[in-house]
Amino acid sequence: MNGADQLKDSGVRKVQVLTSVPRDLLSRCVLLSSMAVACLSWSQEHEDILIDGRPLENSIAGRDWAYRSRLEVQSTNDSHELLEEDAFFRRFPATMYSAEVAAFHASSFTVRAHSEYIQSDQGFNTRRMGMSTSIPLPHVTRLRLKLSETRPEEGSSTQYLYAGVSRSLTPTVYAYSRYRHTIRERATAGQQAYQFLSWTPTRALYLTLNGAHSWTDPYRSWYARATATTLLLQESVALRLEVEHDGSTARPHSQQYQISLYRRLLQRSWASLSYRFYEDNAGFHSQTYGLKFRHFFSPRLSGHVGYRHHDHNSIPSLDTVLGGISVVF
């Protein structure tokens, strides 16, 4: 697991609980967003956030078409000596700039565009960009398509083509199946099959299971992840548990465990605490502690700040700070 993957995966992934929420729209935004935090370039893995059958953004804007813009910057206090002497961490991002623009229709038709620019003190700068769409089909089904590219300033570019179908199988069970085709310059094309399932047995409990199998001749890899999220204290506190196992013929097998606690503060803010433990069979292990705060200035405008401390067994510790805004119009 390289440094960039550790930084990316140490964030809280998108989670949604399908449950009734307070009538006030601002309260709804705070509650749902506290359980729907993600990196800006998240891939569609979970249900869309809906209020009365309409995307959350359309309910906020009050019209059939709504738009959202997100910006985020994060920085890590890496050291030149560490990056120069330890090849394992040469590509750890010093600064990352992320942006996303999305358009939502009341029918649940969605178009998104995202971009990330990652800077490393060693010159391994990389740009990621892509577009995705969600097209509603009959019988509560959606067709999801995505195209993305990773373009390093040194080295070969990689393109990713995604095609998937999601559907609510029952009022409490949701499934998403996806295929990914990877094209890398001067390399064998890669394939991936991905499956996600979620179950909401009660209004306060949300369970997910997802995994993928990837193959690029002669290498193969797979991972499986399970999560459980529950609402506590009259829907003002949420607890999320996650466990993941990763196996590959090209890198060490690994396990990671994460616990996150979300707390709504008054009516306009929420805070989250997270802890993650990672280990692999090559002897590397790390712990990550995270704190994040988000405030809604209005249902249309919110801002967030966060901090993460990465503690590793073989290298000096690293600290990451981040901040961003989200605007619906």
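Since this is a predicted model, take the numbers as computed values, not measurements.

K.L.:
Any chance you could explain the pairing of strand 16 (residues 285–298) here in plain terms?
P.N.:
On a regular strand, one side chain projects to one face of the sheet and the next to the other, so that they alternate. Bridge analysis of strand 15 (residues 269–280) against strand 16 gives 11 bridges, and the strand direction is antiparallel. Across the sheet, the residue bridging to Trp270 is Arg294, located in strand 16. Counting the residues in the hairpin turn of strand 15 and strand 16 gives four residues, including Gly283, whose phi is positive at 95°. With 12 bridges connecting them, strand 16 and strand 17 (residues 301–312) associate as antiparallel partners. Among the inter-strand pairings, Tyr289 is bridged to a residue of strand 17, identified as His309. Hairpin connection between strand 16 and strand 17: a loop of two residues separates the two successive antiparallel strands.

K.L.:
Even after reading the chapter, I still don't get the side chain of Ser221, so can you show me in this structure?
P.N.:
Positionally, Ser221 belongs in strand 12 (residues 219–232). In this structure Ser221 comes out as buried when scored by relative accessible area, which is 16%. Apart from residues no more than four positions distant in its own chain, Ser221 is found in contact with Ala212, His213, Ser214, Gly247, Ser248 and Arg251.

K.L.:
Got a minute to help me understand the environment of Gln258 in this structure?
P.N.:
Mapped onto the fold, Gln258 is located in strand 14 (residues 254–265). In the structure, Gln258 is positioned 15 residues away from Val243 in sequence and 6.5 Å away in space, judged by C-alpha atoms.

K.L.:
I would appreciate a short explanation of the pattern of salt bridges in the present structure.
P.N.:
Opposite charge on two side chains allows them to pair when their charged atoms are near. In this structure the tally under the stated criterion is 10 salt bridges. Arg68 is the salt-bridge partner of Glu57, the closest N and O atoms lying 2.5 Å from each other. In this pair, Glu57 is assigned in helix 3 (residues 56–61) and Arg68 in strand 3 (residues 65–76), connecting sequence segments 11 residues apart. Exposure class is identical for Glu57 and Arg68. Each is buried. When salt bridges that share partners are traced, they join Glu57, Arg68, Arg70, Glu100 and Arg112 into one network.

K.L.:
What am I meant to see in the confidence of the model for the protein here?
P.N.:
Parts of the prediction with low pLDDT should not have their coordinates interpreted in detail. In this model, the protein carries a mean pLDDT of 80, and residues with pLDDT of at least 70 account for 80%. The spread of mean pLDDT over the elements of the protein runs between helix 1 (residues 3–9), the lowest at 32, and strand 9 (residues 173–184), the highest at 94. Segment residues 1–23 is flagged for pLDDT under 50; beyond a separation of four residues in sequence, or across chains, it makes 85 contacts in the model. Contacts from residues 80–91, a stretch scored under 50 in pLDDT, to residues over four places away or in other chains number 28 contacts.

K.L.:
Please explain a nonpolar patch on the surface as it appears in this structure.
P.N.:
Residues Leu261, Leu273, Leu291, Tyr307 and Val321 make up a contiguous nonpolar surface patch of about 440 Å² in total accessible area. Within the secondary structure, Leu261 is located in strand 14.

K.L.:
Just checking my understanding: could you explain unusual backbone geometry for this structure?
P.N.:
Where the residue is not glycine, phi is negative for most of them; where a peptide bond is considered, it is trans in most cases. Residues Asp217 and Pro218 are joined by a peptide bond in cis, for which omega reads 10°. Looking at the element boundaries, Pro218 is found in the loop between strand 11 (205–216) and strand 12. The phi dihedral of Ser108 is positive, around 85°, even though this residue is not glycine. Considering the arrangement of structural elements, one finds Ser108 in the loop between strand 4 (95–105) and strand 5 (110–119). At His139, a residue that is not glycine, the phi angle is positive and equals roughly 65°.

About the criteria used
Residues numbered from 1 in each chain as written. Predicted model: local features only at pLDDT ≥ 70, side-chain atom pairs only at ≥ 80, totals over all residues. Heavy atoms only, no water. Pairing = 2+ DSSP bridges. Helix = DSSP H or I, 4+ residues; strand = E, 2+ residues; numbered from the N terminus. Buried < 20%, exposed > 50% of the residue type's maximum accessible area, 1.4 Å probe, protein only. Contact = heavy atoms within 4.5 Å. Salt bridge = Lys/Arg side-chain N within 4 Å of Asp/Glu carboxyl O. pLDDT = per-residue confidence, 0-100. Patch = residues over 30% accessible without salt bridge, like charges linked within 9 Å, V, L, I, M, F, W, Y side chains within 5 Å. Areas by Shrake-Rupley, 256 points an atom, 1.4 Å probe, with all protein chains shown as cover.

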